[in-house]
Amino acid sequence: MPKEICETTHVNEEAVTRVQQQMPDLSGVAKFLKALSDETRLKIAYALKVEEELCVCDVASIIGSSVATASHHLRYLKDNNLAKSHRKGKQVYYSLADEHVYQIVTIAYEHAKEGIANGSDTN
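Here is a short report on the structure shown in this document. (Residues numbered from 1 in each chain as written. Predicted model: local features only at pLDDT ≥ 70, side-chain atom pairs only at ≥ 80, totals over all residues. Heavy atoms only, no water.)

**Focus: the side chain of Lys-49**
- Relative to the assigned elements, Lys-49 resides in helix H3 (residues 39-50).
- Buried charge without a salt bridge: Lys-49, with Glu-110 as the nearest opposite-charge side chain at an N-O distance of 6.7 Å.
- With sequence-adjacent residues up to four places away left out, Lys-49 is seen in contact with Leu-96, Tyr-102, Val-105 and Thr-106. (Helix = DSSP H or I, 4+ residues; strand = E, 2+ residues; numbered from the N terminus. Buried < 20%, exposed > 50% of the residue type's maximum accessible area, 1.4 Å probe, protein only. Lys, Arg positive; Asp, Glu negative; His and termini not counted. Salt bridge = Lys/Arg side-chain N within 4 Å of Asp/Glu carboxyl O. Contact = heavy atoms within 4.5 Å.)

**A short note on the nonpolar core**
- Leu-48, Leu-74 and Leu-82 are the most contacted members of the largest nonpolar core, which totals 20 residues.
- A total of four residues in this core trace back to one element, the largest contributor, which is H3.
- Residues contacting Leu-48, with those up to four places away along its chain left out, are Glu-53, Leu-54, Leu-74, Tyr-94, Ser-95 and Leu-96. (Core = buried A, V, L, I, M, F, W, Y, C linked by side-chain atoms within 4.5 Å.)

**Observations regarding the packing of aromatic side chains**
- With the rule as written, the count across this model stands at one aromatic pair.
- Arranged with centres 5.5 Å apart and planes meeting at 55 degrees, the rings of Tyr-46 and Tyr-109 form a pair that is tilted. Taken together, the positions of Tyr-46 in helix H3 and Tyr-109 in helix H6 (residues 99-117) put the pair 63 residues apart, joining distant regions of the chain.
- Since its relative accessible area comes to 31%, Tyr-46 is described here as partly exposed.
- Positioned above the aromatic ring of Tyr-76, the side-chain terminus of Arg-41 is 3.9 Å from the ring centre.
- Taking the ring centre of Tyr-93 as reference, the NZ or CZ of Lys-88 above it sits at 4.9 Å. (Phe/Tyr/Trp six-rings, centres within 6.5 Å; stacked < 30°, edge-to-face > 60°. Lys NZ or Arg CZ within 6 Å of the ring centre and 35° of its normal.)

See below:
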């Protein structure tokens, strides 16, 4: 397998400067993606993509966990602006925070599915 590094060092200073000047603070994006990098939280986000809103008990059943564990993960998603919640009587219902989260979960799934279909290693 060929090495995937440059054989000589030649830095395109103009390109580097342009990128550095336009590089925003991406810490919020990293935090957002970290919240989705946990498989259980990703399953919850996907469940909320399929079903617009679910109560904590529903989520616990879907992921095969205790209500306390589901609640912990849902709170984490909410604290990181991926989900929102509201109370209906004695039940707390969660939904995705907005259309952006819905699109990211959908696109990420489609991208992974294409990799599997093309025989790519997804690990």
